[in-house]
Amino acid sequence: MLQTLVDAEEASRLLLARELALEEKREFVDLRIEGWLRTLPDTLSRELRKSWSRLRELPKDDLTLAAIERLISLEKLRGNRGA
């Protein structure tokens, strides 16, 4: 059932719904990421799947810190120092 909702145009609004349990929200995000990974070449998608499974196990604070670190790294690669 969630897969049909994931494929819907306004699916991301479901993540804000209080009616969904945390586990349902996690499953929803997993389905969205899996759908996106299927559009990539096999070698890249395999590597990103490994990264995703490690990231999804992190506590919220660690995940936030990892995201900030990656954003800063991307800004540095682009040559911007004001991030």
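Residues numbered from 1 in each chain as written. Predicted model: local features only at pLDDT ≥ 70, side-chain atom pairs only at ≥ 80, totals over all residues. Heavy atoms only, no water.

Trainee: What is the right way to read the layout of surface pockets from this model?
Mentor: If a probe the size of a water molecule is rolled over the atoms, the empty space left behind becomes visible. In this structure, the largest pocket encloses a volume near 400 Å³. Along the wall of the largest pocket there are 14 residues; nearest its centre are Leu 22, Arg 26, Arg 56, Leu 58 and Leu 63. Of all elements in the fold, only α2 (22-37) and α4 (60-78) reach the threshold of two or more residues within the lining of the largest pocket. The leading source of residues in the lining of the largest pocket is α2, at 5 residues. For the lining of the largest pocket, the residue count by class is 7 nonpolar, 1 polar and 6 charged. Taken together, Ile 33, Trp 36, Leu 37, Leu 48, Ser 51, Trp 52, Leu 55, Leu 63, Ala 66, Ala 67 and Arg 70 make up the full set of residues lining the second largest pocket. Going through the elements one at a time, α2, α3 (42-55) and α4 are the ones with two or more residues in the lining of the second largest pocket. Of the residues in the lining of the second largest pocket, the class split is 9 nonpolar, 1 polar and 1 charged. (1 Å grid on protein atoms, 1.4 Å probe; cavity = no way out; pocket = protein on both sides within 12 Å on 5 of 7 lines; lining within 4 Å. Points joined across faces, edges and corners; volume = space filled by probe spheres on them. Helix = DSSP H or I, 4+ residues; strand = E, 2+ residues; numbered from the N terminus. Nonpolar A, V, L, I, M, F, W, Y, C, P; charged D, E, K, R; others polar.)

Trainee: Where do I start with the packing of α2 against α3 in this structure?
Mentor: Two quantities define a packed helix pair, namely the angle between the axes and the distance from one axis to the other. In the contact formed by α2 and α3, the axes pass within 10 Å of each other and the chain directions differ by 160 degrees. Comparing the axis directions of α2 and α3 gives the class roughly antiparallel. Judged by the sense of rotation from one axis to the other, the crossing of α2 with α3 is right-handed. Between α2, through Val 29, Asp 30, Ile 33, Glu 34, Trp 36 and Leu 37, and α3, the contact on the second element is made entirely by Ser 45, Leu 48, Arg 49 and Trp 52. Looking at the contact of α2 with α3, its residues break down into 6 nonpolar, 1 polar and 3 charged. (Axes fitted to C-alpha atoms, helices over the stretch in contact; angles between N-to-C directions. Parallel < 35°, antiparallel > 145°, perpendicular 65-115°, else oblique. Left-handed = near helix turned anticlockwise from the far one by under 90°. Contact = heavy atoms within 4.5 Å.)

Trainee: Please clarify how the confidence of the model for the protein chain should be interpreted in this entry.
Mentor: Interpretation of the predicted coordinates at a detailed level should be avoided for regions scoring low in pLDDT. On average, residues of the protein chain score 77 in pLDDT, and 72% of them are at 70 or above. Taken element by element, the protein chain is modelled with least confidence in helix α1 (residues 2-6), mean pLDDT 55, and with most confidence in α3, mean pLDDT 86. (pLDDT = per-residue confidence, 0-100.)

Trainee: Would you mind showing me how to read a positive patch on the surface here?
Mentor: A contiguous patch of positive charge on the surface is contributed by Arg 46, Lys 50, Arg 54 and Arg 70. Here the element with the most residues in the positive patch is α3; it accounts for 3 residues. Note that Arg 46 resides in helix α3. (Patch = residues over 30% accessible without salt bridge, like charges linked within 9 Å, V, L, I, M, F, W, Y side chains within 5 Å. Areas by Shrake-Rupley, 256 points an atom, 1.4 Å probe, with all protein chains shown as cover. Salt bridge = Lys/Arg side-chain N within 4 Å of Asp/Glu carboxyl O. Lys, Arg positive; Asp, Glu negative; His and termini not counted. Charge placed at Lys NZ, Arg CZ, Asp CG, Glu CD.)

Trainee: Explain the pattern of salt bridges to me, please; I cannot follow it from the model alone.
Mentor: Oppositely charged side chains can form a pair if their charged atoms are brought close together. If you walk through the whole model with that rule in mind, you get 4 salt bridges. Its salt-bridge partner being Arg 49, residue Glu 34 comes within 2.6 Å of it at the nearest N-O pair. Remark: Arg 49 occurs in helix α3 and Glu 34 occurs in helix α2; sequence separation between them is 15 residues. The partner of Glu 57 in a salt bridge is Arg 56, and the shortest N-O contact between them spans 3.6 Å. A residue is classified by how much of its surface remains accessible, and Glu 57, at 59% relative accessible area, is exposed. One salt-bridge network, in which partners are shared between bridges, spans Asp 30, Arg 56 and Glu 57. (Buried < 20%, exposed > 50% of the residue type's maximum accessible area, 1.4 Å probe, protein only.)

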